[in-house]
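Breakdown of the fold
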Amino acid sequence: MVKGISKQVIVVRPPDAELFEQAIFILRDREAGEVSGEELLRQARQAAETYLRGRIRGGRARGVRLRPLLYAVLGALSASVLWGLSVFLL
């Protein structure tokens, strides 16, 4: 919890709230006075779009779907090897 500090924020709400309701950007104190409001909004929208493109086109979303399949294959392979060794050694 932060007490006694006020920060400037930009809230970006997409026209179609399919993936998220809003994105909140916290501005640095030194940057707030140097850049126009339109430029701040443009950079915030660009950051949100870049993040979404990375998540949809193969960021963590793709890895999350493949991980259970990888674990299943590795488990089956490990069990097969152990079973084969136990049959061979006994």
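A brief structural summary. This one's a predicted model, so the numbers in the text were calculated from it and none came from an experiment.

In this section: the overall build of the chain. Counting its regular elements, the chain contains three helices and two strands. Moving toward the C terminus, one meets the helices and strands of the chain in the order β-β-α-α-α. At a minimum sequence separation of 6, the contacts of the chain that also span at least 24 residues come to 23%. Here the chain has roughly 8200 Å² of accessible surface; of this, 59% comes from carbon and sulfur atoms.

A few words on the pattern of salt bridges. According to the stated counting rule, one finds one salt bridge in the structure shown. In this structure, the salt-bridge partner of R42 is E39, at a minimum N-O distance of 2.6 Å. Separated by three residues within a single helix, R42 and E39 lie in helix α2 (residues 37-56), roughly one turn from each other.

Okay, the nonpolar core next. Listed in full, the five residues of the largest apolar core are I10, V12, L27, L40 and A44. The contact partners of I10, leaving out residues within four places of it in the chain, are A23, I24, F25, L27, L40, L41 and A44.

The side-chain alternation of strand β1 (residues 9-12) yields one buried face, formed by I10 and V12, and one unburied face, formed by V9 and V11. Where β1 meets strand β2 (residues 23-26), four bridges bridge the pair, whose relative direction is antiparallel. Residue pairing in the sheet places I10 in a bridge with F25 of β2.

So, how was this worked out
Residues numbered from 1 in each chain as written. Predicted model: local features only at pLDDT ≥ 70, side-chain atom pairs only at ≥ 80, totals over all residues. Heavy atoms only, no water. Helix = DSSP H or I, 4+ residues; strand = E, 2+ residues; numbered from the N terminus. Contact = heavy atoms within 4.5 Å. Areas by Shrake-Rupley, 256 points an atom, 1.4 Å probe, with all protein chains shown as cover. Salt bridge = Lys/Arg side-chain N within 4 Å of Asp/Glu carboxyl O. Core = buried A, V, L, I, M, F, W, Y, C linked by side-chain atoms within 4.5 Å. Buried < 20%, exposed > 50% of the residue type's maximum accessible area, 1.4 Å probe, protein only. Pairing = 2+ DSSP bridges.

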